[in-house]
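Summary of structural features
This is what each chain is made of:
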Amino acid sequence: MARLPRFVIQGQPQHVIQRGNNRDNIFVSNEDYEYYLQKLGDACKKYDCDLHAYVLMTNHVHLLITPHAENSISKVMQYIGRYYVQYFNFQYQRTGTLWEGRYKATLIDSESYLLTCSRYIELNPVRADMVKDPSEYSWSSYRFNALGEKNELITPHATYQALGKNPKGCRLSYQALFLQHIPEAVIGEIRAATNKAWVLGDDRFKAKVERLIARQVQPKSRGGDRHSELFKKIDDINRV
């Protein structure tokens, strides 16, 4: 069965995840992180994407990125894959695939979820108990978004820029967001939407996207008699 194309709307941000094959490490040394970021920057310029937030973990990456052409993100990921896999295999004398299949992505409602998704991304090292504060982790966008550290990779999104009257005001407001925990239910929403390639947003946004692209953007509600034997069998299958 052919795979449906990913949801893409020019100018609408997406949360992208790419994992190492079998959850193996894709970064070993500082030079690996630096080379990946170099190629990420080159690819975003070449294929007209704005990068708003990122984190490079040892075995996967998260990107918050806005495409300005229909195939911008897929071309960015192909470009990185081509150069980084070649580099990594040569560096560590290995062969074969580095990635766990295709990258995963979800279209994001910038009004409701962009800043939450940005925090989710930059808090990954904290949730993984690698650091106590996101500012302690070198391989994310937090130091730019919250502290103003120079980072030519990042293009602030309009939603971020609306946090303050000037860059300092934006940074202070952004820092304040990190004083609040992201509810587990919201973390679950972000993970489910990204892993299953659904749209992340409120009902109004989902309805708008459905009208624009004429496709279902979220799972259908399961109906039927919840006590019937048939329903139980279907439910058991879905839980596997």
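Residues numbered from 1 in each chain as written. Predicted model: local features only at pLDDT ≥ 70, side-chain atom pairs only at ≥ 80, totals over all residues. Heavy atoms only, no water.

1. Some details on the packing of aromatic side chains
- For the structure shown, the criterion picks out 16 aromatic pairs.
- Considering the side-chain rings of Y35 and Y84, the 6.3 Å spacing of their centres and the 35 degrees angle between planes classify their relative orientation as tilted. Here Y84 lies in helix α2 (residues 72-91) and Y35 lies in helix α1 (residues 30-46), a separation of 49 residues in the sequence. Exposure class is identical for Y35 and Y84. Each is buried.
- Each member of the aromatic cluster is reached from another via a ring pair, and the members are F27, Y33, Y35, Y36, Y84, Y87, F88, Y92, W99 and W139.
- We note K39 situated over the ring of Y83; from NZ or CZ to the ring centre the distance is 4.5 Å. (Phe/Tyr/Trp six-rings, centres within 6.5 Å; stacked < 30°, edge-to-face > 60°. Helix = DSSP H or I, 4+ residues; strand = E, 2+ residues; numbered from the N terminus. Buried < 20%, exposed > 50% of the residue type's maximum accessible area, 1.4 Å probe, protein only. Lys NZ or Arg CZ within 6 Å of the ring centre and 35° of its normal.)

2. What about the pattern of salt bridges?
- Counting across every chain of the model gives 6 salt bridges.
- The partner of R23 in a salt bridge is E100, with the nearest N and O atoms 3.6 Å apart. Taken together, the positions of R23 in the loop between β1 (14-19) and α1 and E100 in the loop between α2 and β4 (104-107) put the pair 77 residues apart, joining distant regions of the chain.
- Its salt-bridge partner being R143, residue E149 comes within 3.9 Å of it at the nearest N-O pair.
- Judged by its relative accessible area of 42%, E149 falls in the partly exposed class.
- One salt-bridge network, held together by shared partners, links D109, E111 and R204. (Salt bridge = Lys/Arg side-chain N within 4 Å of Asp/Glu carboxyl O.)

3. Concerning the sheet that holds strand β3 (residues 60-67)
- Judged by pairing direction, the sheet is antiparallel, and its 4 strands sit side by side in the order β2-β3-β1-β4 without closing on themselves. Two strands lie at the open edges of the sheet, namely β2 (49-56) and β4, each paired on one side alone. For this sheet, the mean angle separating the axes of adjacent strands, direction not counted, is 20 degrees.
- Sheet analysis places β2 next to β3, joined by 7 bridges and oriented antiparallel. Its bridge partner being in β3, D50 is matched across the sheet by T66. (Pairing = 2+ DSSP bridges. Axes fitted to C-alpha atoms, helices over the stretch in contact; angles between N-to-C directions.)

4. Observations regarding the packing of α1 against α2
- Between α1 and α2, whose axes approach to 9 Å, the crossing angle comes to 155 degrees. Judged by the inter-axis angle, α1 sits roughly antiparallel to α2. As α1 runs across α2, the sense of the crossing is right-handed. Here E31, D32, Y35, Y36, K39, L40, D42, A43, C44 and K46 of α1 lie close against α2, whose contacting residues are V76, M77, Y79, I80, Y83, Y84, Y87, F88 and Q91.
- Across the contact of α1 with α2, the residue classes tally to 13 nonpolar, 1 polar and 5 charged. (Parallel < 35°, antiparallel > 145°, perpendicular 65-115°, else oblique. Left-handed = near helix turned anticlockwise from the far one by under 90°. Contact = heavy atoms within 4.5 Å. Nonpolar A, V, L, I, M, F, W, Y, C, P; charged D, E, K, R; others polar.)

5. With respect to the nonpolar core
- Counting 61 residues, the largest nonpolar core has Y36, L40, L56 and Y84 as its most contacted members.
- At the level of elements, α1, β2, β3, α2, α3 (110-122), α5 (142-145), α7 (167-177) and α8 (184-195) are the ones that each hand at least two residues to this core.
- Among the elements that line this core, the one with the most residues is α2, at 9 residues.
- Not counting residues up to four positions away in its chain, the partners in contact with Y84 are I26, F27, D32, Y35, Y36, L98 and W99.
- One finds L107, V199, F205 and V209 within the second-largest nonpolar core, a separate group that totals 5 residues. (Core = buried A, V, L, I, M, F, W, Y, C linked by side-chain atoms within 4.5 Å.)

6. Regarding the pairing of β1
- Extensive coverage of β1 is indicated by the burial of 6 of its 6 residues.
- Side chains Q14, V16 and Q18 of β1 all project onto a buried face; the interleaved residues H15, I17 and R19 project onto the opposite face, where all are buried too.
- Of the pairings in the sheet, the one linking β1 to β3 comprises 6 bridges and is antiparallel in character. Within β3, the position partnered with Q14 by the bridge is I65.
- Taken together, the 4 bridges between β1 and β4 define a ladder with antiparallel strand orientation. If you follow I17 over to β4, its bridge partner there is K104.

7. Thoughts on α1
- With 17 residues, α1 extends 24 Å between its outermost C-alpha atoms, agreeing within 8% with the 24 Å of an ideal straight helix rising 1.5 Å per residue.
- Burial in α1 covers these residues: D32, Y33, Y35, Y36, L37, K39, L40, G41, A43 and C44.
- Turning to α1, the residues buried within the fold contact β2, β3 and α2.
- D48 sits one or two positions beyond α1 and adopts a positive phi of about 60 degrees. (Expected span 1.5 Å × (residues − 1).)

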